[in-house]
Amino acid sequence: QVQLVESGGGLVQAGGSLRLTCTASERTFNNYAVAWFRQAPGKDREFVVGSGGSTYYADSVRGRFTISRDNAKNTVYLQMNSLKPEDTAVYYCAARGGITWLIVPSAYDYWGQGTQVTVSS
């Protein structure tokens with residue numbers, strides 16, 4: 001059982017930056033594909049970025065968000081720059097075995113508790 005813990009959310013003005021952190025309990029975390037999702041009130045959970053054998057960003061965040069991994073620390077980061085009010089959501093880290101990321105939430109076996117990101121205009 002992999003446990004994921006996110007941190008780094010908060011309140012930021014439009015145009016600002018935040019870095020989210022997802023730390024896993026699994027020491028072989030590099031064997032897992034990882035994704036970030038987000039969910040705004042009243043909306044479905046939305047794919048943001050996936051990382052495994054390759055990396056893919058949703059169109060809405062490409063060029064502004066960057067995912068990175070520190071396998072020695074079992075940690076994945078999401079650097080979010082040029083934030084917009086529409087980025088406001090609860091952000092979730094998710095993981096699945098293997099190197100293939102997928103955009104559907106149901107494909108992921110492990111989830112963090114979520115961290116709130118609020119971008120004010």
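Rules and cut-offs
Residues numbered from 1 in each chain as written. Predicted model: local features only at pLDDT ≥ 70, side-chain atom pairs only at ≥ 80, totals over all residues. Heavy atoms only, no water. Disulfide = S-S within 2.5 Å. Helix = DSSP H or I, 4+ residues; strand = E, 2+ residues; numbered from the N terminus. Buried < 20%, exposed > 50% of the residue type's maximum accessible area, 1.4 Å probe, protein only. Patch = residues over 30% accessible without salt bridge, like charges linked within 9 Å, V, L, I, M, F, W, Y side chains within 5 Å. Areas by Shrake-Rupley, 256 points an atom, 1.4 Å probe, with all protein chains shown as cover. Salt bridge = Lys/Arg side-chain N within 4 Å of Asp/Glu carboxyl O. Pairing = 2+ DSSP bridges. Axes fitted to C-alpha atoms, helices over the stretch in contact; angles between N-to-C directions. Contact = heavy atoms within 4.5 Å.

**Student:** Explain the state of the cysteines to me, and be specific about the residues and the numbers.
**Tutor:** The full count for this structure, using the stated rule, is one disulfide. Between the sulfur atoms of Cys22 and its disulfide mate Cys93 the distance is 2.1 Å. The sign of the -70° torsion about the S-S bond sets the Cys22-Cys93 disulfide as left-handed. In this pair, Cys22 is assigned in strand E3 (residues 18–24) and Cys93 in strand E9 (residues 89–97), connecting sequence segments 71 residues apart.

**Student:** Please set out unusual backbone geometry residue by residue, giving values where relevant.
**Tutor:** In this model, Asn74 sits at a positive phi of 55°, which is unusual for a non-glycine residue. Relative to the helices and strands, Asn74 resides in the loop between strand E7 (65–70) and strand E8 (75–80). Given the relative accessible area of 13%, Asn74 is considered buried. In the Ramachandran plot, Ser82 falls in the positive-phi region, its phi being about 50° despite a non-glycine side chain. With respect to the helices, strands and loops of the structure, Ser82 is situated in the loop between E8 and E9.

**Student:** For a nonpolar patch on the surface, give the residues involved together with the corresponding values.
**Tutor:** Residues Tyr56, Leu102, Ile103 and Val104 make up a contiguous nonpolar surface patch of roughly 330 Å² in combined accessible area. Inspection of the secondary structure assignment puts Tyr56 in strand E6 (residues 55–57).

**Student:** Give me the lowdown on the sheet that holds E3, citing residues and values where you can.
**Tutor:** If you trace the four strands from one edge of the open sheet to the other, you get E1-E3-E8-E7, paired in antiparallel fashion. What marks the edges here is a single partner per strand, and that holds for strand E1 (4–7) and E7. When strand polarity is set aside, the average angle formed by the axes of neighbouring strands in this sheet is 15°. Inspection of the sheet shows E3 paired to E8 by six bridges, in the antiparallel sense. In the sheet register, Arg19 faces E8, and the bridge partner there is Gln79.

**Student:** How would you summarise the environment of Gly98 if you had to cite specific residues and measurements?
**Tutor:** Following the sequence through the fold, Gly98 ends up in the loop between E9 and strand E10 (110–111). Given the relative accessible area of 32%, Gly98 is considered partly exposed. When the C-alpha atoms of Gly98 and Val34 are compared, they prove to be 9.5 Å apart, with 64 residues separating the residues in sequence. Excluding anything up to four places from it in sequence, Gly98 contacts Asn31, Tyr32 and Ala33.

**Student:** Mind laying out the pattern of salt bridges, listing which residues take part and the relevant values?
**Tutor:** Enumeration according to the criterion identifies four salt bridges in this entry. Residues Arg38 and Asp87 are paired through a salt bridge, measuring 2.9 Å at the closest nitrogen-oxygen approach. Separated by 49 residues along the polypeptide, Arg38 in strand E4 (residues 32–39) and Asp87 in the loop between E8 and E9 bring together distant segments of the chain. Both residues of the pair, Arg38 and Asp87, count as buried. When the shortest N-O distance is used, the salt bridge between Arg62 and Asp59 registers 2.6 Å. Its relative accessible area of 41% is what places Arg62 among the partly exposed residues. Residue class for Asp59 comes out exposed when judged on its relative accessible area of 60%.

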